[in-house]
Amino acid sequence: MTSPDLAALRPRLPSPVQEIADGRFGRHGIRLLLKRDDLIHPDLIGNKWRKLAPNLTAAAGRTVVTFGGAYSNHLRATAAAGRLLGLRTVGVVRGQELADRPLNPSLARCAADGMRLHFVDRSTYRRKTEPETLAGLLRAVDAEDAYVVPEGGSNSLAVRGCRALGEELRARADVDVVALACGTGGTLAGLAAGLAPDQRALGIPVLKGGFLTADIESLQRHTFGGRRGDWSLDDRFHFGGYARVPTELDAFAQDFEDRHGLPVERLYVAKLLYGLVALADEGAFPRGSTVGAIVTGRPFP
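The present account deals with the structure reproduced in this document.

Conventions adopted
Residues numbered from 1 in each chain as written. Predicted model: local features only at pLDDT ≥ 70, side-chain atom pairs only at ≥ 80, totals over all residues. Heavy atoms only, no water. Helix = DSSP H or I, 4+ residues; strand = E, 2+ residues; numbered from the N terminus. Rg over C-alpha atoms; globule rule 2.2 N^0.38 Å. Buried < 20%, exposed > 50% of the residue type's maximum accessible area, 1.4 Å probe, protein only. Contact = heavy atoms within 4.5 Å. Areas by Shrake-Rupley, 256 points an atom, 1.4 Å probe, with all protein chains shown as cover. Lys, Arg positive; Asp, Glu negative; His and termini not counted. Charge placed at Lys NZ, Arg CZ, Asp CG, Glu CD. Core = buried A, V, L, I, M, F, W, Y, C linked by side-chain atoms within 4.5 Å. Expected span 1.5 Å × (residues − 1). Pairing = 2+ DSSP bridges. Axes fitted to C-alpha atoms, helices over the stretch in contact; angles between N-to-C directions. Polar contact = N/O pair within 3.5 Å; in protein donor to acceptor, adjacent residues only side chain to side chain.

**Quick notes on the overall build of the chain**
No. 1: Along its length, the chain carries 11 helices and 10 strands.
No. 2: By the compact-globule yardstick of 19 Å for 301 residues, the chain fits well, its C-alpha radius of gyration being 19 Å.
No. 3: When the backbone C-alpha atoms are referred to their principal axes, the chain occupies close to 60 × 40 × 35 Å.
No. 4: For the chain, buried positions account for 55% of its 301 residues.
No. 5: Long-range pairs, those at least 24 residues apart, make up 75% of the contacts in the chain with a sequence separation of at least 6.
No. 6: Of the roughly 12,900 Å² of accessible surface on the chain, 50% is carried by carbon and sulfur atoms.
No. 7: Computing the positive centroid from 39 side-chain charges and the negative centroid from 34, the chain places the two 1 Å apart.

**A look at the nonpolar core**
A general feature of soluble globular proteins is that nonpolar side chains tend to end up buried together.
No. 1: If you look at the biggest cluster of nonpolar residues, it comprises 35 residues, and the most contacted ones within it are Leu32, Leu34, Leu202, Leu273, Leu276 and Phe285.
No. 2: At the level of secondary structure, the elements contributing two or more residues to this core comprise strand 2 (31-35), strand 7 (177-182), strand 8 (200-205), helix 10 (247-260), helix 11 (269-282) and strand 10 (290-294).
No. 3: The leading source of residues in this core is helix 11, at 10 residues.
No. 4: In this structure Leu202 touches Val177, Val178, Ala179, Leu180, Ser232, Leu233, Asp234, Leu276, Leu279 and Phe285, once residues within four positions along its chain are discounted.

**Quick look at helix 10**
No. 1: The end-to-end C-alpha distance of helix 10 is 20 Å, a good match for the 20 Å that 14 residues give at a rise of 1.5 Å each.
No. 2: For helix 10, the secondary structure elements touched by its buried residues are strand 1 (17-20), helix 1 (23-26) and helix 11.
No. 3: Of the residues flanking the end of helix 10, it is Gly261, one or two places downstream, whose phi is positive at about 65°.

**Describing the sheet that holds strand 7**
No. 1: Spatially, 1-2-10-7-8-9 is the arrangement adopted by the 6 strands of the open sheet, whose pairing is mixed. Of all the strands in the sheet, the pair left with one neighbour each is strand 1 and strand 9 (230-233). Between one strand axis and the next, the sheet turns by 25° as a mean value, whatever way the strands run.
No. 2: Of the pairings in the sheet, the one linking strand 8 to strand 9 comprises 4 bridges and is parallel in character. Paired with Gly203 across the strands is Leu233, a residue of strand 9.

**Examining the environment of Ser3**
No. 1: Along the polypeptide, Ser3 turns up in the segment before strand 1.
No. 2: With relative accessibility at 40%, the residue Ser3 sits in the partly exposed group.
No. 3: Through-space distance from the C-alpha of Ser3 to that of Ala58 is 7.1 Å; in sequence the pair is 55 residues apart.
No. 4: Apart from the residues within four sequence positions on either side, Ser3 is in contact with Thr57 and Ala60.
No. 5: A polar contact of 2.9 Å, which involves the side chain of Ser3, links it to the backbone oxygen of Thr57.

**A word on unusual backbone geometry**
No. 1: In this chain, Leu13 is followed by Pro14 through a cis amide linkage whose omega measures -5°.
No. 2: When you line up the elements, Pro14 lands in the segment before strand 1.
No. 3: Unusually for a residue other than glycine, Asp142 sits at a positive phi of about 55°.
No. 4: Here Asp142 shows up in the loop between helix 6 (131-140) and strand 6 (147-148).
No. 5: One non-glycine residue, Phe239, lies in the positive phi region at around 55°.
No. 6: Within the fold, Phe239 resides in the loop between strand 9 and helix 10.
No. 7: We classify Phe239 as buried; its relative accessible area is 18%.

Right, here's the structure in full:
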């Protein structure tokens, strides 16, 4: 088997940086830059390109099996990659009860892109990384020789792929803080390792639970041998958990779109921007600071 030609997809790298004039930052003497990873590729958006590209190369044409919930951006990106590159993809979806329901728009897109969906109960899903459980899942989808990508695409290859994001921003000496919304933590683990010593990374988790620090440290340990970069998390802006978009958050995102003419993805990017506005008001960034915010996705559908 041969590796797919990812260069043929013509990713826009490095992704562009756009300065935003927003009075909520300006009144505190803070510059806001958006790192537009949402413009890397129309189907493999943002950190999904950075995390998937090295894994698709490693798959070398084999079936790709991966995991996610009913609204997983990672599943959708993997399915799109399969369509674009002619790869067979299988998505193991959390929630056996979903098997008998109509597909939501996100899963319907996966299926339309050729991904085979395999629904499992939540207990089995929680044990998916255990060797016996994983082997059983691969037998169930007739893909015992598949290349397995973890939930969210976060493994050592993905972390190394995301280090390039930090290196792109390392070249911007004017950027003091780089902030992004976090799901499984792989993007932050790589980003922080690529930044300059005088730059720091700030993660805004979109899931509640407070488990992400240990996960990021584990990813960095397996990838680099130990913790890398100056990074921290602020757990206050998950709005109740993944895929939770209450009225307040939706109104904030709509207002940001109206102010700047930019689409704001609700599950990750809106929480990031909301958190940054709140932190600016709290004085978390010294006057004269430049904050770079990573736009990891765009609204769907």
